[in-house]
Amino acid sequence: MTIRMDRRRVLLAGAAGLGASALALPPFVRSAHAAAYPSERAITFICPWPAGGTADVTMRSLCMAAGKVLGQTIIIENRAGASGMLGTKVLSTSKPDGYTIGQVPISVTRFAQLRTVQLDPLKDFTYLARVNGQTFGLVVRADSPWKTLAEFVAAAKAKPGMITYGSAGIGGATHVGMEEFNLLAGIQLNHIPYKGGAPALQDLLGGQVDAVADSTSWAPHVKSGKLRLLVTWGETRTKDFATVPTLKEAGYDLVVDAPNGIGAPKGMDPAVVAKLRDAFRKAAADPDFIATCDRIDSPVMYLDQPDYEKYIAATYRKDTQLIERLKLRELLAKG
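No experiment lies behind these values; they were computed from the predicted model shown.

Participant: How do you make sense of the sheet that holds strand β3 (residues 100-105) when you look at a structure like this?
Facilitator: The pairing of strands in a sheet comes from backbone hydrogen bonds and takes either a parallel or an antiparallel form. The six strands lie next to each other as β2-β1-β3-β10-β4-β11, forming an open sheet whose pairing is mixed. Of all strands in the sheet, those with a lone pairing partner are β2 (74-78) and β11 (300-304), marking the two edges. Direction aside, neighbouring strands of the sheet carry axes that sit 30 degrees apart on average. As defined by bridge partners, strand β4 (residues 125-132) adjoins β11 across three bridges and the pair is classed as antiparallel. Note that in β11 the partner of Ala129 across the bridge is Asp304. Of the strands in this sheet, β1 (43-47), β3, β4 and β10 (260-265) touch helix α4 (residues 85-92), which is tilted by about 140 degrees from β3.

As structure tokens, this is what we get:
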């Protein structure tokens, strides 16, 4: 009887407070937790971006679908800031019990090497799935003299450093994508970093900058006729802007899509990981999630854990070279 009671106390203690590493617990505690998961409470999903943005919208739809598979509510918690790294850092230091998961921006492979976030993306996460990407593009005002990308490039060559463009911040996907484009095009632009895409777009509309590189937050303004979309950065043209060429079609061998991934803290129980992988695999194929992505030109780019981990490692290596080629450390030091 005593042995049974002691075992019960251990089980309850393990289920209530899975500590720094689930794998450090006795096997019978881990198996009990995994069997009960996720019935104990709602799951928190950290979205490292503001509510209402393209990533937030797709993650909410994805979590709704995954929650149905798991039979548990997934609550979105927006922890925006530091180009997505504030929420990403919080995720990496959360308990590995399966009740805190979140979106991992692919830019963590770059920001970690730049030391703007103190973590190791190759060791500090349990990666679950890559799910969808973003459509990036370069926009100017509708009254701009540049009607095509070729005209924009010609003007930039004629006036090196005089044309300004805004992005969501130094080292982010849109900034790095533009700097890669500048190298390929042989032009020099004046980069104006912002704390997000929304303020950059407001300044473009107000005439404070000449162009903005951002995700599809510009789409309503392009559709309303206030902005002109010169080029998109994906592998193929978008559904909503099918007449606008991609960078590759314009003669520049560059694709930028910044896929969204789902991750959790390191040290999770493999059985819990398996449940989450299954849930997000099914969620990525859910018709409502696909429809949500389709509405904002966000391509579904699903990869299961093994292939997603390989993708993270390959991106990390690519970013190592990119940081040196674009001199990103020097740019960050200048602010």
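Participant: Could you clarify how one ought to interpret the pattern of salt bridges in this entry?
Facilitator: Any two side chains of opposite charge can pair, so long as their charged atoms come close to each other. In the structure shown here, the tally under the stated rule is 16 salt bridges. A salt bridge links Arg110 to Asp319; the shortest N-O distance between them is 3.3 Å. Pair noted here: Arg110 is in helix α5 (residues 108-114) and Asp319 is in helix α12 (residues 305-326), with a separation of 209 residues, a long-range link. Side by side, Arg110 and Asp319 carry an identical accessibility label, which is buried.

Participant: What should I look at first to understand helix α3 (residues 54-70) in this one?
Facilitator: A turn of α-helix holds 3.6 residues, and therefore any two residues three or four places apart point the same way. Counted at 1.5 Å a residue, the expected span for α3 with its 17 residues is 24 Å, and the 24 Å between its end C-alpha atoms agrees. Taken residue by residue, α3 has Ala55, Asp56, Thr58, Met59, Ser61, Leu62, Cys63, Ala65, Ala66, Gly67 and Leu70 as its buried positions.

Participant: How should the state of the cysteines be read in this particular structure?
Facilitator: Formally, a disulfide is one covalent bond, and it connects the sulfur atom of one cysteine to the sulfur atom of another. Within the structure shown, the criterion is met by zero disulfides. There is no disulfide at Cys293, and the cysteine sulfur nearest it, in Cys63, is 12 Å away.

Participant: Got a minute to help me understand the sheet that holds strand β9 (residues 227-232) in this structure?
Facilitator: Reading across the sheet, the five strands line up as β7-β6-β8-β5-β9 and stay open at both edges, with mixed pairing between neighbours. A single partner strand is all that each edge strand has here, and the edge strands are β7 (190-193) and β9. When strand polarity is set aside, the average angle formed by the axes of neighbouring strands in this sheet is 30 degrees. Where strand β5 (residues 137-141) and β9 come together, five bridges link them in antiparallel fashion. Bridging from a neighbouring strand, Leu138 pairs with Val231 of β9. Contacts from helix α7 (residues 173-185) reach β5, β6 (164-167), β7 and β8 (211-214), with the element oriented near 145 degrees to β6.

Participant: Is there a simple way to explain the pairing of β10 in this structure?
Facilitator: In summary, the side chains of a regular strand alternate between the two faces of the sheet. Of all the six residues making up β10, six are buried; the element is thus mostly covered by neighbouring parts of the structure. In this sheet, β10 lies alongside β3 in antiparallel orientation, the contact comprising four bridges. Residue pairing for β10: Gln103 is matched across the bridge by Ile262. Bridging between β4 and β10 involves six bridges; their strand directions are antiparallel. Looking across to β10, one finds that Phe125 is bridged to Pro265.

Participant: Whenever I open this one, the packing of aromatic side chains confuses me. Can you help?
Facilitator: Geometrically, a pair of aromatic rings is defined through the distance of the ring centres and the angle of the planes. Tallied over the entire structure, the rule returns seven aromatic pairs. Taking NZ or CZ as reference, Arg41 lies 4.1 Å from the ring centre of Tyr99, over its face. Of note, Arg130 hangs over the ring of Tyr311, and the distance from its end group to the ring centre comes to 4.7 Å.

Participant: What should I look at first to understand the packing of α7 against α12 in this one?
Facilitator: Relative orientation and spacing of two packed helices are given, respectively, by the angle between their axes and the distance between those axes. With their axes 11 Å apart at the nearest point, α7 and α12 run at an angle of 60 degrees to one another. The angle between α7 and α12 falls in the class oblique. Regarding α7 and α12, the two cross each other, and that crossing is left-handed. Where α7 approaches α12, its residues Val176, Glu179, Glu180 and Leu183 are matched on the opposing element by Leu322, Arg325 and Leu326. Residues of the contact of α7 with α12, tallied by class, amount to four nonpolar, no polar and three charged.

Parameters and conventions
Residues numbered from 1 in each chain as written. Predicted model: local features only at pLDDT ≥ 70, side-chain atom pairs only at ≥ 80, totals over all residues. Heavy atoms only, no water. Pairing = 2+ DSSP bridges. Helix = DSSP H or I, 4+ residues; strand = E, 2+ residues; numbered from the N terminus. Axes fitted to C-alpha atoms, helices over the stretch in contact; angles between N-to-C directions. Contact = heavy atoms within 4.5 Å. Salt bridge = Lys/Arg side-chain N within 4 Å of Asp/Glu carboxyl O. Buried < 20%, exposed > 50% of the residue type's maximum accessible area, 1.4 Å probe, protein only. Expected span 1.5 Å × (residues − 1). Disulfide = S-S within 2.5 Å. Phe/Tyr/Trp six-rings, centres within 6.5 Å; stacked < 30°, edge-to-face > 60°. Lys NZ or Arg CZ within 6 Å of the ring centre and 35° of its normal. Parallel < 35°, antiparallel > 145°, perpendicular 65-115°, else oblique. Left-handed = near helix turned anticlockwise from the far one by under 90°. Nonpolar A, V, L, I, M, F, W, Y, C, P; charged D, E, K, R; others polar.

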